[in-house]
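Residues per chain are reported as follows:
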Amino acid sequence: MNEALDPTRAGASNLEPLVDPDTFPLLAGARTAGRPLAYLDSAASAQKPAAVLDRMRDFYTHDYANIHRGVYPLSERSTEAYEDARARVARFLNAKSDEIVFTRGATEAINLVAYSYGERFLEAGDRILVSAIEHHANIVPWQALRDRRGLKLEVIPIDGNGRYRYGRAREAGRGCCAGLHHGGAPTRWAP
Ligand SMILES: Cc1ncc(COP(=O)(O)O)c(C=O)c1O
C-alpha cells in the first residue's frame, strides 16, 4: 500500500477525533476487535449525537404532524420546528433560508440538482466533471443527464498518492463540476 494511504504509518496513532465520541451514545465506549470503534461510514448512515436523539424523541412525542398542510396546533408546531431548522442551517452555511432544500439523502439531492440546474442550464456539448472515486449516487444522475442532453461526462483520475490528476479537466469550457470529494469511507480514500 502507498505510504500516504497506510493508516498504520507513524503518527497515525496520534489522530484524535474532533468531537468527543461520548457525544454519540452508540459510539460511547463501543469497541471492535478490542479497540475503540472508529465509525467512518457517515455518508451512508450518520450516527446521531445525544442532542439529536433527544430532540427527535421530544418531537415525535409532543409535536409530530404534517408540515405546511395542517391548520391544527400539532401541525403548526411541526411547521415552525421545520422552518426553524431551515433557518439555522441557512445561518450555519451563510445562505438564505429559501436556498436550503431538505432531501432524504444524497442520491435524491444530486438527482434534484441534475434535473433542475442541469436540465435548465446545461446545453449539448457542455462538460460535467466528476472524479474517479465518486459514489454511484454522484455518477448515475450525471450519466442520465448526459444521455438526455447530449453532454460530455469526464472523469478526473486519481493517482497513487490519492491526488486528483486534473489534466484536461483544467481546460476552459462550459460545464459543471459535480461534487468532487465524494468517495465512500469504507472502500475509498478521498484526497
Ligand atoms: C459515499 C456515499 N455517498 C452517497 C451515498 C448515497 O446516499 P443516500 O442513501 O443518502 O442517497 C452513500 C450511501 O451508501 C455513500 O456511502
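A brief structural summary. Numbering of residues begins from 1 in every chain and follows the order in which that chain's sequence is written. Local features in this predicted model are restricted to residues whose pLDDT is 70 or higher, and side-chain atom pairs enter the listing and the counts only when it is 80 or higher, whereas totals over whole chains, interfaces and linings include all residues. Neither water nor hydrogens contribute to the side-chain values; these are computed over all heavy atoms in the structure.

Points about the packing of helix α1 (residues 50-62) against helix α2 (residues 73-93)
Throughout, an axis means a line fitted to C-alpha atoms (over the contacting stretch in the case of helices), and angles, computed between N-to-C directions, take values from 0 to 180 degrees. In DSSP terms, a helix is any run of H or I states spanning at least four residues, a strand is any run of E spanning at least two, and both are numbered starting from the N terminus. At a minimum axis distance of 10 Å, the contact between α1 and α2 shows a crossing angle of 155 degrees. The orientation of α1 relative to α2 falls into the category roughly antiparallel. On α2, the residues that touch Arg55, Phe59 and His62 of α1 are Leu74, Arg77, Ser78 and Ala81. Amino acids outside the nonpolar list (Ala, Val, Leu, Ile, Met, Phe, Trp, Tyr, Cys, Pro) and the charged list (Asp, Glu, Lys, Arg) are all regarded as polar, and Gly is one of them. Here the contact of α1 with α2 is composed, by residue class, of 3 nonpolar, 2 polar and 2 charged. An angle below 35 degrees is read as roughly parallel, one above 145 as roughly antiparallel, one from 65 to 115 as roughly perpendicular, and any other as oblique. Whether two residues are in contact is decided by their heavy atoms, any of which lying within 4.5 Å being enough.

Topic: the pattern of salt bridges
We count a salt bridge whenever a side-chain nitrogen from Lys or Arg sits within 4 Å of a carboxyl oxygen from Asp or Glu. Summed over all chains, the structure comprises 10 salt bridges. We note a salt bridge from glutamate 83 to arginine 86, for which the minimum N-O separation is 2.8 Å. Residue glutamate 83 and its partner arginine 86 are located together in helix α2, separated by 3 residues, close to a single helical turn. Exposure categories follow from relative accessible area, calculated using a 1.4 Å probe and restricted to protein chains: below 20% of the type maximum is buried, above 50% is exposed, and the middle band is partly exposed. Taking the relative accessible area as the measure of exposure, arginine 86 reaches 16% and is therefore buried. The partner of glutamate 119 in a salt bridge is arginine 149, with the nearest N and O atoms 3.7 Å apart. You can see glutamate 119 sitting in helix α3 (residues 106-121) and its partner arginine 149 sitting in helix α4 (residues 140-149), a full 30 residues away along the chain.

A short note on α4
By the burial criterion, the buried members of α4 are Pro141, Trp142 and Leu145. Down the axis, α4 shows its buried residues gathered within 95 degrees of arc, on one side only. This arc describes the spread of directions from the helix axis toward the C-beta atoms.

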